[in-house]
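Working through the structure, step by step
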Amino acid sequence: MAKLERLGFRDLTYSRWRRQPSMERFIDKGRVWKMTYCDLDAIDYCPCCCQPLLLIETARDVGQHYKDTRVLEALAKRVDLPAALVFYLPDEKEDIAQFRVRMIYPEPGPEKIMTPQEYAEWLWSFREAHRCGSDGVHKRY
């Protein structure tokens with residue numbers, strides 16, 4: 001993972017290319033409309049053994065109480081990894097004021113409101129629970 005943001009913005013080139021109207025330039029409409037996809041927002045992982053620890057779907061908090069997480073849940077079950085939906089509320093300084101977190105898998109749970117400190121500690125708990133047996137050296141591929 002890059003430790004710092006590289007571009008400062010989200011490049012939407014691939015997203016636009018992969019959408020169905022664009023794909024119709026290359027594949028007939030009947031097949032394109034069956035080629036659905038979604039992005040995965042985050043995979044927290046161990047820096048020593050590179051094993052994934054947590055799957056996260058994020059959304060800016062605009063007061064909504066739902067985001068479709070059926071694909072995330074199916075993936076989490078298939079790979080047997082915890083997964084969560086995280087709504088983040090920006091403050092006026094372009095930082096985060098609060099998080100709303102709901103576990104998707106393995107045990108769906110109620111939404112919890114977390115401060116940035118609480119959320120950071122919650123993320124750390126997945127690393128703390130992980131035992132990789134690595135010597136602590138970051139492996140490069």
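For the structure itself, look to the data block above.
Since this is a predicted model, take the numbers as computed values, not measurements. (Residues numbered from 1 in each chain as written. Predicted model: local features only at pLDDT ≥ 70, side-chain atom pairs only at ≥ 80, totals over all residues. Heavy atoms only, no water.)

1. Overview of the overall build of the protein
- Tallying secondary structure elements over the protein gives five helices and five strands in all.
- Listing every helix and strand of the protein by position from the N terminus yields α-α-α-β-β-α-β-β-β-α.
- For the protein, the proportion of its 141 residues judged to be buried stands at 26%.
- Considering only contacts in the protein between residues 6 or more positions apart, those separated by 24 or more positions represent 42%. (Helix = DSSP H or I, 4+ residues; strand = E, 2+ residues; numbered from the N terminus. Buried < 20%, exposed > 50% of the residue type's maximum accessible area, 1.4 Å probe, protein only. Contact = heavy atoms within 4.5 Å.)

2. Brief notes about the packing of aromatic side chains
- A complete count under the given rule lists six aromatic pairs for this structure.
- The rings of Tyr14, Trp17, Phe26 and Tyr37 are connected pair by pair, giving a single aromatic cluster. (Phe/Tyr/Trp six-rings, centres within 6.5 Å; stacked < 30°, edge-to-face > 60°.)

3. Regarding the side chain of Asp44
- With respect to the helices and strands, Asp44 occurs in strand β1 (residues 42-45).
- Taking relative accessible area as the criterion, Asp44 reaches 12% and is therefore assigned buried.
- Ignoring anything within four residues of it in the chain, the contact list for Asp44 reads Pro52, Leu53, Leu54, Ile56, Leu123 and Arg127.

4. Here we look at unusual backbone geometry
- Cis rather than trans, the peptide bond between Tyr105 and Pro106 has omega equal to 10°.
- Positionally, Pro106 belongs in the loop between β4 (96-105) and β5 (112-114).
- Its identity as a non-glycine residue notwithstanding, Cys50 has a phi of 60°, on the positive side.
- The phi dihedral of Glu94 is positive, around 65°, even though this residue is not glycine.
- Within the secondary structure layout, Glu94 lies in the loop between β3 (83-90) and β4.

5. Notes on a nonpolar patch on the surface
- A cluster of nonpolar side chains, contributed by Tyr14, Trp17, Phe26 and Tyr37, occupies part of the molecular surface with about 440 Å² of accessible area.
- Along the chain, the position of Tyr14 falls in helix α1 (residues 13-18). (Patch = residues over 30% accessible without salt bridge, like charges linked within 9 Å, V, L, I, M, F, W, Y side chains within 5 Å. Areas by Shrake-Rupley, 256 points an atom, 1.4 Å probe, with all protein chains shown as cover. Salt bridge = Lys/Arg side-chain N within 4 Å of Asp/Glu carboxyl O.)

6. Points about the side chain of Gln20
- Among the structural elements, Gln20 can be located in helix α2 (residues 20-23).
- When residues no more than four places from it in sequence are discounted, the contact partners of Gln20 are Val32, Trp33, Met35 and Thr36.

7. Points about helix α5 (residues 116-129)
- Its 14 residues give α5 an end-to-end C-alpha distance of 20 Å, which sits within 8% of 20 Å, the value for a rise of 1.5 Å per residue.
- Within the span of α5, buried status applies to Tyr119, Trp122, Leu123 and Phe126. Angular distribution of buried residues about the axis of α5 spans 95°; they occupy a single face of the element.
- Buried positions along α5 lie against β1, β2 (52-60), β3, β4 and β5. (Expected span 1.5 Å × (residues − 1). Arc of directions from axis to C-beta.)

8. Quick notes on the nonpolar core
- By size, the foremost hydrophobic cluster in this structure holds 15 residues, and its most contacted members are Val101, Tyr119 and Trp122.
- Secondary structure elements with two or more residues in this core: β2, β3, β4 and α5.
- A total of four residues in this core trace back to one element, the largest contributor, which is α5.
- The contact partners of Tyr119, leaving out residues within four places of it in the chain, are Ile56, Val86, Phe99, Val101 and Met114. (Core = buried A, V, L, I, M, F, W, Y, C linked by side-chain atoms within 4.5 Å.)

9. Description of the sheet that holds β5
- Spatially, five strands are ordered β1-β2-β3-β4-β5 in an open sheet, and the strand pairing comes out mixed. Each of the sheet's edge strands pairs with one partner strand only, and the pair in question is β1 and β5. Ignoring which end each strand starts from, the neighbouring axes of this sheet average 30° apart.
- Both β3 and β4 contribute to a ladder of eight bridges, which runs antiparallel. Paired with Phe87 across the strands is Arg100, a residue of β4.
- Helix-sheet contacts for helix α4 (residues 70-79) involve β2, β3 and β4, and the interaxial angle to β2 is about 175°. (Pairing = 2+ DSSP bridges. Axes fitted to C-alpha atoms, helices over the stretch in contact; angles between N-to-C directions.)

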